[in-house]
Amino acid sequence: MAVESTHGALEHPAIDTEGRRLLTELVSIPSVSGEETEAAERLAAFFESHDREVWIDDIGNVRAPGDDTVLLTSHIDTVPGEIPVEIKDGEDGPELWGRGSVDATGSLASMAIAAVETGASFVGVVGEESTSRGAWYLTDHREAPDLIINGEPSGWDGITLGYRGLLEGTYVAASESGHHSRPDLNAIQHAMSWWDRVETIFEPDEWVPVFEQVTTKPVDIEGGVSVDGLSMEATMEFQLRVPPERTPDEVRELSDAELEVGTVNWTESIPPVMTNPRTELARVFRAAIREGSGDPRLLRKTGTSDMNVFATEWDCGMVSYGPGDSSLDHTPNEHLPLAEFDNAIEVLIDVCERLGVGDAAASDDSEATADTEAAQ
């Protein structure tokens, strides 16, 4: 059975828990990077309904402070692309289809539920799919927590320990205009030639995992005769993904060394991150997943996330975790099995409790009760 509208999805009998309803409502609200306000307000209203302190900060992050033993954080924004919000029957039960269901509204909603259940600190950040502006702002405007669980799809039984870094840049070249039959290279050819040399430096090795390699990707290119007709111009935007074995500076220097004509403006540099699988946080996650009858998987992602930002700015333990199949990120087939979403909530709650989230508050309550009884 498929439901053809957002309203129908919310009325589907599978939307039978507070968590599933919050997830469906958030997926139903368009929240492309830069347009997260409505989704942020809905998220803040959820915390207000549970008597949690919450506010939307100056950049748009949803802040619900609590026990800073663990900070649960995921991103509110999605990439563009309209996918009808509907419930479909899948192999493992009902699935929620819609943009963001996997990346990363499923993680966001599961963390919001877990934060309310345990008292853990929570932040929903903006702009992860563009510049990570929400994460950068957060690290500049609050102290580091003890531990961070960053919300990104790993599957409910997976734990992400590492991400490659990111280098972004723009190549620009210009050359004198002339007849196309001339042998001299024009700006477009100069751009292609430089990029060929960069790709040769970081040529893929089929025997090495992608996570351990630099990968190159042009993401936009424009070129042609200038408006005044006196020159040829070329502009190319590109990305380089950086493995933990290298640094962004090293990759940038190697690329710059191949530059013969034109200039490169390096616009973004985020270091890679790789955490130890033997940390207390990773150990607790493995125990919680096994408690849920899962077989824990340790993952390394070839992309980049806000975890890279947090690792750059804060010295604390962290992993990434969340429901969903990350191979569906940014695709027209993005969907999340609701049973997996439920499992992720249980794992997050178990992890927070094993780490002692809420114990201090419970101890304070016990001391207050004892003081009252003694006074009586």
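Reading the values: the criteria
Residues numbered from 1 in each chain as written. Predicted model: local features only at pLDDT ≥ 70, side-chain atom pairs only at ≥ 80, totals over all residues. Heavy atoms only, no water. Helix = DSSP H or I, 4+ residues; strand = E, 2+ residues; numbered from the N terminus. Expected span 1.5 Å × (residues − 1). Buried < 20%, exposed > 50% of the residue type's maximum accessible area, 1.4 Å probe, protein only. Arc of directions from axis to C-beta. Polar contact = N/O pair within 3.5 Å; in protein donor to acceptor, adjacent residues only side chain to side chain. pLDDT = per-residue confidence, 0-100. Contact = heavy atoms within 4.5 Å. Pairing = 2+ DSSP bridges. Axes fitted to C-alpha atoms, helices over the stretch in contact; angles between N-to-C directions. Phe/Tyr/Trp six-rings, centres within 6.5 Å; stacked < 30°, edge-to-face > 60°. Salt bridge = Lys/Arg side-chain N within 4 Å of Asp/Glu carboxyl O.

A. Broad picture of helix H6 (residues 187-201). Counted at 1.5 Å a residue, the expected span for H6 with its 15 residues is 21 Å, and the 22 Å between its end C-alpha atoms agrees. Taken together, the buried positions of H6 are Ala-187, His-190, Ala-191, Trp-194, Trp-195, Arg-197 and Val-198. Within H6, the buried residues cover an arc of 155 degrees as seen down the axis, which keeps them to one side. N-cap assignment for H6: the residue whose side-chain oxygen lies 3.1 Å from the backbone N of Ile-188 is Asn-186.

B. Seen up close, the confidence of the model for the chain. Here the chain averages 91 in pLDDT, while 90% of its residues score no lower than 70. Across residues 1-5, where pLDDT falls below 50, the model places 15 contacts with residues more than four positions away in sequence or in other chains. Note on residues 362-376: pLDDT is under 50 here. Beyond four places in sequence and across chains, it has zero contacts.

C. View of the sheet that holds strand S4 (residues 86-90). Spatial strand order, S4-S5-S16: three strands in an open sheet with antiparallel pairing. Strands at the two margins of the open sheet, each flanked by one partner only, are S4 and strand S16 (335-337). Adjacent strand axes in the sheet meet at a mean angle of 30 degrees, parallel and antiparallel pairs treated alike. As defined by bridge partners, S4 adjoins strand S5 (residues 93-97) across five bridges and the pair is classed as antiparallel. Directly across from Ile-87, in S5, lies its bridge partner Leu-96.

D. Local environment of the packing of aromatic side chains. All told, the structure shown has nine aromatic pairs when counted by the stated rule. Both rings, one in Phe-46 and one in Phe-47, keep their centres 5.4 Å apart while their planes meet at 80 degrees; by these two values the pair is edge-to-face. For Phe-46, a relative accessible area of 3% corresponds to the buried category. Their ring planes at 90 degrees and their centres at 5.4 Å tell us that Phe-238 and Trp-266 sit as a pair that is edge-to-face. One end of the pair, Phe-238, is in strand S11 (residues 231-242); the other, Trp-266, is in strand S12 (residues 263-270), with 28 residues separating them in the sequence. We classify Phe-238 as buried; its relative accessible area is 2%.

E. Here's a closer look at the pairing of strand S6 (residues 120-125). Of all the six residues making up S6, six are buried; the element is thus mostly covered by neighbouring parts of the structure. Of the pairings in the sheet, the one linking strand S2 (residues 62-64) to S6 comprises three bridges and is antiparallel in character. Each residue of the ladder has a partner; that of Val-62, found in S6, is Gly-124. Relative to S6, strand S3 (residues 67-75) runs parallel, the two sharing six bridges. Paired with Leu-72 across the bridge in S6 is Phe-122.

F. Local environment of the environment of Ile-201. Position of Ile-201 among the secondary structure elements: in helix H6. For Ile-201 and Gln-189, which are twelve residues apart along the polypeptide, the C-alpha to C-alpha distance reads 19 Å. If near-sequence neighbours (up to four positions away) are discounted, Ile-201 is found in contact with Leu-254 and Glu-258.

G. Quick look at the pattern of salt bridges. Scanning the entire structure with this criterion turns up 17 salt bridges. Arg-42 is the salt-bridge partner of Glu-25, the closest N and O atoms lying 2.5 Å from each other. Of the two residues, Glu-25 is situated in helix H2 (residues 18-28) and Arg-42 in helix H3 (residues 37-49); the sequence distance between them amounts to 17 residues. Glu-25 gets classed as buried once you look at its relative accessible area, which sits at 18%. When its relative accessible area of 26% is taken as the criterion, Arg-42 is described as partly exposed. Its salt-bridge partner being Glu-260, residue Arg-197 comes within 3.9 Å of it at the nearest N-O pair.

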